[in-house]
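Working through the structure, step by step
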Amino acid sequence: MYAILAAEGGTEHNPIIPLWQEIVIGSIAFAILCFMLMKYVFPRMEQTFQARVDAIEGGIKRAEAAQAEANQLLEQYRAQLAEARTDAAKIRDDARADAEGIRQDVLAKAREESDRIIAAGKEQLAAERSTIVRELRTEVGTIAVDLAGRIVGESLADEARRKGTVERFLADLESVGAGNGSANGSAVRAS
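If you're wondering where the values come from, they're calculated on a predicted model, not measured in any experiment.

Digging into the overall build of the protein chain
Helix and strand counts for the protein chain stand at four helices and zero strands. Walking the protein chain from its N terminus toward its C terminus, one meets helices and strands in the order α-α-α-α. Counting only residues that meet the buried cut, the protein chain has 5% of its 191 residues in that class. Summed over all atoms, the accessible surface of the protein chain reaches about 16,100 Å², with 61% contributed by carbon and sulfur.

Here is the structure:
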């Protein structure tokens, strides 16, 4: 086709078909450009891309490590919480046991105190009873001597005689009470 154009006599150049010199210069420029891109630009782009990949993967790894550490801390927290709950339950049970022991001690002391008070009351009652019986014996003896003196008609004022008479009278009362039974004897002694 180039030949056809040249044959027509035209020195005019066809803009659709490039000149061979332009093709050569363009190819050399393209080769230089490719060489420069492959030598300098692509390695730097690859380094940048690799740095980005490393940063992303490192970020993911750091996130996974942080997640694993958070999970581990969560498990430790749960274990500590379970241990704390167990310790609290043990302390609560120990406190209940201590409270029950204290309660039993207080009840035992209260029973002992109650028994002591009752025993002291019984002793006091027995002492008062014996005092009252002694006073009644003396009074009954005096009344009996006066009554016997009136009946007999002589004065039993002599202390020794009176005391001997009273003792005999009381001994006779006790022997009569023993002969009638213990219930009647108790009634005679009490009166």
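Comments concerning helix H2 (residues 20-152)
Taking 1.5 Å of rise per residue, 133 residues should cover 198 Å, and H2 covers 188 Å from first to last C-alpha, within 8% of that figure. A bend of about 40 degrees at Met38 is the largest found in H2. Looking only at H2, the buried set comprises Gly58, Gly141, Ala144, Val145 and Gly149.

Quick notes on the UniProt feature "coiled-coil region" (unreviewed entry) in the protein chain
UniProt records the feature "coiled-coil region" (unreviewed entry) at residues 56-94, using the numbering of this structure. Helix makes up 100% of residues 56-94 and strand 0%, whereas the separation of the span's terminal C-alpha atoms amounts to 56 Å.

Topic: a nonpolar patch on the surface
A cluster of nonpolar residues, Trp20, Val24, Ile28, Ile32, Phe35, Met36, Met38, Tyr40, Val41, Phe42 and Met45, forms a patch on the protein surface that exposes about 1,200 Å² of accessible area. Along the chain, the position of Tyr40 falls in helix H2. A residue is classified by how much of its surface remains accessible, and Tyr40, at 47% relative accessible area, is partly exposed.

Quick notes on the pattern of salt bridges
Applying the stated criterion to the full structure yields four salt bridges. Glu100 is the salt-bridge partner of Arg103, the closest N and O atoms lying 3.2 Å from each other. Taken together, the residues Arg103 and Glu100, both in helix H2 and three residues apart, mark about one turn of the helix. Since its relative accessible area comes to 46%, Arg103 is described here as partly exposed. Of the charged contacts, one joins Arg116 and Glu113 as a salt bridge, the two residues approaching to 2.3 Å between their closest N and O atoms. On the criterion of helical spacing, the pair formed by Arg116 and Glu113 is a turn pair, its members being three residues apart in helix H2. Classification of Glu113 by relative accessible area gives partly exposed; the value is 35%.

Here is what the cut-offs are and how they apply
Residues numbered from 1 in each chain as written. Predicted model: local features only at pLDDT ≥ 70, side-chain atom pairs only at ≥ 80, totals over all residues. Heavy atoms only, no water. Helix = DSSP H or I, 4+ residues; strand = E, 2+ residues; numbered from the N terminus. Buried < 20%, exposed > 50% of the residue type's maximum accessible area, 1.4 Å probe, protein only. Areas by Shrake-Rupley, 256 points an atom, 1.4 Å probe, with all protein chains shown as cover. Expected span 1.5 Å × (residues − 1). Bend = angle between axes of the 7 residues up to and from the residue. UniProt positions renumbered as here; feature names shortened; annotations may be inferred. Patch = residues over 30% accessible without salt bridge, like charges linked within 9 Å, V, L, I, M, F, W, Y side chains within 5 Å. Salt bridge = Lys/Arg side-chain N within 4 Å of Asp/Glu carboxyl O.

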